[in-house]
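# Structural characterization, general
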Amino acid sequence: EILTMPSAFTRPTGEAHWEVLLRARAIETQCFVVAAAQTGQHNEKRASYGHAIIINPWGKVIGKLDDPNSTGIAVAEIDLNELRKIRQNMPLDKHRRYDLYQCKSPACE
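Residues numbered from 1 in each chain as written. Predicted model: local features only at pLDDT ≥ 70, side-chain atom pairs only at ≥ 80, totals over all residues. Heavy atoms only, no water.

## A word on the overall build of the protein chain
Helix and strand counts for the protein chain stand at two helices and six strands. Compactness check: the protein chain gives a C-alpha radius of gyration of 17 Å against a globular reference of 13 Å for 109 residues, more than 25% above the reference. Projected onto its principal axes, the C-alpha coordinates of the protein chain cover approximately 55 × 30 × 20 Å. Residues counted as buried form 26% of the 109 residues belonging to the protein chain. (Helix = DSSP H or I, 4+ residues; strand = E, 2+ residues; numbered from the N terminus. Rg over C-alpha atoms; globule rule 2.2 N^0.38 Å. Buried < 20%, exposed > 50% of the residue type's maximum accessible area, 1.4 Å probe, protein only.)

## Here we look at the sheet that holds strand β1 (residues 2–4)
Pairing in this open sheet of four strands is mixed, and the strands run β1-β2-β5-β6 from one edge to the other. In the strand order of this sheet, the two ends are held by β1 and β6 (61–64), each with one partner. On average, adjacent strands in this sheet sit at an angle of 15° to one another, irrespective of strand direction. For β1 and strand β2 (residues 32–35), the ladder comprises three bridges, and the chain directions are parallel. (Pairing = 2+ DSSP bridges. Axes fitted to C-alpha atoms, helices over the stretch in contact; angles between N-to-C directions.)

## Concerning the nonpolar core
Judged by nonpolar contacts, W18, L22, A26, V33, A35, Y49, I53 and I55 together constitute the single largest core of eight residues. Elements with a contribution of two residues or more to this core: α1 (11–29), β2 and β5 (53–55). The element that contributes the greatest number of residues to this core is α1, accounting for three residues. Apart from the residues within four sequence positions on either side, L22 is in contact with M5, V33, A35, I53 and I55. (Core = buried A, V, L, I, M, F, W, Y, C linked by side-chain atoms within 4.5 Å. Contact = heavy atoms within 4.5 Å.)

Spelled out as structure tokens, the structure:
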């Protein structure tokens, strides 16, 4: 229901990929994503992107820091009823094609 994703993306990859990858994870798993992120210059060769963020299962950003390069705590309300409603209206778990692959997970039984 809630995925936590700590990171230390570099600035170039963070700018290009950080938010879009997290939004995709939220949508495809129908989970809330809470992503902590290191920020700042670590040494002369390494700087982290930052941008801590919270995303709902529909891919909407619901929490982030006012200054994405600062340290702090991003806060958002996580409504598990919203999660249940999304999963009920779009039941991805019912769309699996077991005829195309074998599932080895106990969840498939």
